[in-house]
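Chain by chain, the residues:
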Amino acid sequence: MKYPIIKNYINGQFVTVTSSPRTLDVVSPLDGNKLSEVPMSTGKDLNEALLAAKAAFPSWSRTPIKERVQIFFRYRSLLEKNLKELAELCSEENGKTYSESVAEVEKSIELTEFATSLPQLVTGEILEVSRGVECRTEHVPLGVVASIVPFNFPNMVPNWTMPNALALGNCMILKPSEKVPLSCVRLAELLKEAGLPDGVLNIVNGDVEIVEAICDHPDIDAVSFVGSTKVAKIVYQRATSHYKRCLALGGAKNHLMVLPDAKPEMTAQNVAASMSGCAGQRCMAASAMVAVGNVDHIIDKICIEARKIVPGVNLGAVINKESQHRIERYITEAEKAGAKILVDGRNIKVPGKEGGTYVGPTVIDYVRREMSVAKEEIFGPVISIMRTNTVDEALAIENANPYGNAASVFTQNGGMARYIIDHASAGMIGVNVGVPVPREPFSFGGWNESKFGVGDITGKSSIEFWTKLKKSTTKWNPEAGVNWMS
Ligand code: NAD
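To keep things clear, this report deals only with the structure shown in the data block. Computed from a predicted structure; not experimentally measured. (Residues numbered from 1 in each chain as written. Predicted model: local features only at pLDDT ≥ 70, side-chain atom pairs only at ≥ 80, totals over all residues. Heavy atoms only, no water.)

## Here we look at the site of the ligand
Part 1 of the argument: Close to the ligand lie 27 residues, the nearest being K175, E178, S228, G250 and E377.
Part 2 of the argument: For the ligand, an oxygen atom lies 3.1 Å from a polar atom in the backbone of F151.
Part 3 of the argument: G250 is positioned with one of its backbone polar atoms (N or O) 2.7 Å from a nitrogen atom of the ligand.
Part 4 of the argument: More than half of the atoms belonging to the ligand lie within 2 Å of the grid points that define the largest pocket.
Part 5 of the argument: Secondary-structure elements contributing two or more residues to the shell around the ligand are α8 (208–216) and β10 (222–226).
Part 6 of the argument: Of the residues in the shell around the ligand, the class split is 16 nonpolar, 8 polar and 3 charged.
Part 7 of the argument: Structurally, the shell around the ligand is a two-domain feature, drawing no fewer than three residues from each of domain 1 (8–251 + 446–471) and domain 2 (254–431). (Near = heavy atom within 4 Å. Polar contact = N/O pair within 3.5 Å; in protein donor to acceptor, adjacent residues only side chain to side chain. 1 Å grid on protein atoms, 1.4 Å probe; cavity = no way out; pocket = protein on both sides within 12 Å on 5 of 7 lines; lining within 4 Å. Sits in = over half its atoms within 2 Å of the grid points. Helix = DSSP H or I, 4+ residues; strand = E, 2+ residues; numbered from the N terminus. Nonpolar A, V, L, I, M, F, W, Y, C, P; charged D, E, K, R; others polar. Domains from an automatic or database assignment.)

Structure below.
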């Protein structure tokens, strides 16, 4: 075991979990080697974390925001200084390539930069609403909030929530994915080094039991969740049934629409990169492609690009054996149902890394709408191509899918691109962009079954989620007998 058993992080200290003997192995998808063990915390551990968070809140929330963000300027520098080590750790526990992990940490840096700009964005409003009477709004922190995160971005997704929520004056309980708990340990260490006061951030490791305890606990004011739609629904229902504010981001099935006038090289490179980046384990990955009219020349190029992507070289591993087998089952089912496998990523072994869990890039053509590869989130480096004759048919397919994270179109026709932006049912749309993630200060969030709750999780929109508005009406002019309407 390369790393010691994971500890919780409570009140600025790493503490051994003793409340439960249950642990899970943390295994590197790159080679199958055991990295560590992660403890399954209980409600008792959550109570300890909450005591620390509640004790830290009065002083932290009263610290002026300009002072709070100084910590995030320093944290940003530390992310940059430790980029190589953070990226290596991210690859090791998640299985993505080193360059993908570098990009992930760079995105964390951008997210932190946004948090440092929050003082410019939360200035509130003030107006003399009648003689001598002023109305004023202030963004006030909520209290103790929770962030529950998935396995696919061990470094970035915690940084979707931590910098903004904390800079806005909240204290936080972070629940890492039990599959990739190591990056969060380093992030907590760096935040402490940057000067974050003890108790402001606390980490409680575990699985279902601790997530349920977070949803139920009366001392937690808001819950953010990122993960699969199945669990997002459970968390959203459970947290809101306890009258908590909740924003739960779920899974995705993102459609790319390719029109005959699309630039072939650029489209092929984008489609191949979108479906295979991070081994297809991105909620923004292209998973379905709708070929409108005759785009065979582009599909040929997509296959050429896909064959250049080599597992263990420029393609990482999927998270575990269960995922590898699930993805391979999808491909086999599609083949049995009559689809044509143009590039086949099944049964991959990477020499020297036989214990790793790899699936090669896979291109499936002639997929029909009722097939499971057309409808379900596969979460692997697989693209399912459906054929249509018109843009409206393509949009009907896109609109019918229950998710709504992203949709993209590849075309040189501006009017057609606008038509698709207007009619696609997704929160984030790309035009000639395969992974249309909005960069800061624009916010990230899907529609439909890709997100439950109001607002987005990053960017300006997150300010509304992590704060509540206080409205004050004041009158200091001395005239008697003058009411507030005067
Ligand atoms: P997951 O839903 O299995 O797990 C997410 C978190 O929920 C983890 O911390 C896990 O411990 C916890 N959890 C798991 N099962 C639970 C249960 N039954 N009850 C309560 N808590 C539970 O997701 P994952 O496999 O870690 O991540 C992959 C999924 O996340 C994909 O569906 C992907 O699309 C989605 N995702 C979405 C976005 C987005 O922005 N919409 C971003 C990243 C990932």
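Next comes the rest of the description.
## Re unusual backbone geometry
Part 1 of the argument: In this model, E440 is joined to P441 through a cis peptide bond whose omega is 10°.
Part 2 of the argument: The residue P441 is located in the loop between β18 (428–431) and β19 (451–452) in this model.
Part 3 of the argument: The phi dihedral of A279 is positive, around 55°, even though this residue is not glycine.
Part 4 of the argument: Within the secondary structure, A279 sits in the loop between α10 (264–276) and β13 (286–292).
Part 5 of the argument: Of note, the phi angle at N347 is positive, near 55°, even though the residue is not glycine.
Part 6 of the argument: Structurally, N347 can be placed in the loop between β14 (340–343) and β15 (362–365).
Part 7 of the argument: A residue is classified by how much of its surface remains accessible, and N347, at 68% relative accessible area, is exposed. (Buried < 20%, exposed > 50% of the residue type's maximum accessible area, 1.4 Å probe, protein only.)

## Side note on the pattern of salt bridges
Part 1 of the argument: As enumerated under the stated definition, the model contains 30 salt bridges in all.
Part 2 of the argument: For the salt bridge of D25 with K34, the shortest nitrogen-to-oxygen distance reads 3.1 Å.
Part 3 of the argument: As a salt-bridge pair, R346 and E335 come within 3.1 Å of each other at their nearest N and O atoms. Taken together, the residues R346 in the loop between β14 and β15 and E335 in helix α12 (residues 321–336) connect sequence positions 11 residues apart. (Salt bridge = Lys/Arg side-chain N within 4 Å of Asp/Glu carboxyl O.)

## Quick word on the pairing of strand β5 (residues 125–130)
Part 1 of the argument: In this structure, β5 lies alongside strand β6 (residues 133–141), joined through 5 bridges in antiparallel fashion. Bridge pairing in β6 links L127 to C135.
Part 2 of the argument: Hairpin geometry of β5 and β6 is characterised by an intervening segment of 2 residues between the two adjacent antiparallel strands and by a positive phi of about 75° at G132. (Pairing = 2+ DSSP bridges.)

## Notes on empty space enclosed by the protein
Part 1 of the argument: Evaluation of the coordinates by the stated rule reveals 3 cavities of 30 Å³ or more.
Part 2 of the argument: Of the volumes computed, that of the largest cavity is approximately 90 Å³.
Part 3 of the argument: Every residue lining the largest cavity is counted, 14 residues in all, and those nearest its centre are G280, R282, A285, S287 and F379.
Part 4 of the argument: Broken down by class, the residue content of the lining of the largest cavity amounts to 7 nonpolar, 4 polar and 3 charged. (Points joined across faces, edges and corners; volume = space filled by probe spheres on them.)

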